[in-house]
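# A closer look at the structure
Single-letter residue listing:
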Amino acid sequence: MKGDRIEIVIDAGSGTKTYEVTATRAGRRVEVVNHRGVFEVTEVTRSGVVVRMARFMASRVLALVEYPAPRRPEPYQRRGPRDTSAD
């Protein structure tokens with residue numbers, strides 16, 4: 001979903017570096033996979049086509065933080081005098 005983002009903090013030897021991968025358009029999402037000691041962070045379209053990919057060695061990753069996009073709340077529905085469906 002647009003707005004999803006993942007922040008990756010890695011050990012760069014002389015300090016730390018921070019990278020960010022964000023879903024930039026509507027219908028895209030950000031996925032994280034750990035394969036054989038490598039984290040793959042990808043931005044994927046609805047049909048599964050990879051738009052961008054970043055790879056990090058798992059031994060260098062200090063933190064991987066996911067920030068989901070805020071979801072829209074359900075619209076408020078006012079109960080009428082005859083509405084008993086929620087009981």
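Above this text sits the structure in question.
In this report, the structure presented in the accompanying data block is examined. (Residues numbered from 1 in each chain as written. Predicted model: local features only at pLDDT ≥ 70, side-chain atom pairs only at ≥ 80, totals over all residues. Heavy atoms only, no water.)

## Concerning the pattern of salt bridges
Oppositely charged side chains may form a pair once their charged atoms are brought near each other. Rules: Each reported salt bridge corresponds to a side-chain nitrogen of Lys or Arg within 4 Å of a carboxyl oxygen of Asp or Glu. Numbering of helices and strands runs from the N terminus; a helix is a DSSP stretch of H or I covering at least four residues, while a strand is a stretch of E covering at least two. When accessible area is computed with a 1.4 Å probe and restricted to protein chains, residues below 20% of their type maximum are described as buried, those above 50% as exposed, and intermediate ones as partly exposed.
Enumeration according to the criterion identifies seven salt bridges in this entry. As a salt-bridge pair, Arg5 and Glu20 come within 3.1 Å of each other at their nearest N and O atoms. Taken as a pair, Arg5 in strand E1 (residues 5-11) and Glu20 in strand E2 (residues 16-22) lie far apart in primary sequence, 15 residues in all. For Glu20, a relative accessible area of 45% puts it in the partly exposed group. Of the charged contacts, one joins Asp11 and Arg60 as a salt bridge, the two residues approaching to 3.6 Å between their closest N and O atoms. Of this pair, Asp11 sits in strand E1 while Arg60 sits in the loop between strand E5 (50-57) and strand E6 (61-67), and the two are 49 residues apart along the sequence. A residue is classified by how much of its surface remains accessible, and Asp11, at 29% relative accessible area, is partly exposed. Since its relative accessible area comes to 39%, Arg60 is described here as partly exposed. Linked through salt bridges whose partners overlap, the residues forming this network are Arg5, Glu7 and Glu20.

## Here we look at unusual backbone geometry
Positioned with a positive phi, Arg36 is a non-glycine residue whose angle comes to about 45 degrees. With respect to the helices and strands, Arg36 occurs in the loop between strand E3 (29-35) and strand E4 (38-44). The class of Arg36 is exposed, set by a relative accessible area of 89%.

## Details of the side chain of Thr42
For the record, the criterion: Residue contacts are counted whenever heavy atoms from the two residues lie within 4.5 Å of one another.
By the element assignment, Thr42 lies in strand E4. Excluding residues that lie within four positions of it along the chain, Thr42 makes contacts with Arg29, Val30, Glu31, Val50, Arg52 and Met53.

## A few points about the sheet that holds E2
Quick reminder of the rule: Think of it this way: DSSP has to see at least two bridges between two strands before they count as a pair. Whenever a helix is involved, its axis is fitted only over the stretch in contact; in every case the axis is a line through C-alpha atoms, and angles between N-to-C directions fall within 0 to 180 degrees.
The strand order across the open sheet built from three strands is E2-E1-E6, with neighbouring strands paired in antiparallel fashion. The open sheet has two edge strands with one neighbour each: E2 and E6. Across the sheet, the mean angle from the axis of one strand to that of its neighbour is 15 degrees, orientation sign disregarded.

## Things to note about the environment of Thr42
The class for Thr42 is buried, based on a relative accessible area of 8%. The spacing of Thr42 and Val32 is 10 residues in sequence and 6.6 Å in space, taken between C-alpha atoms.

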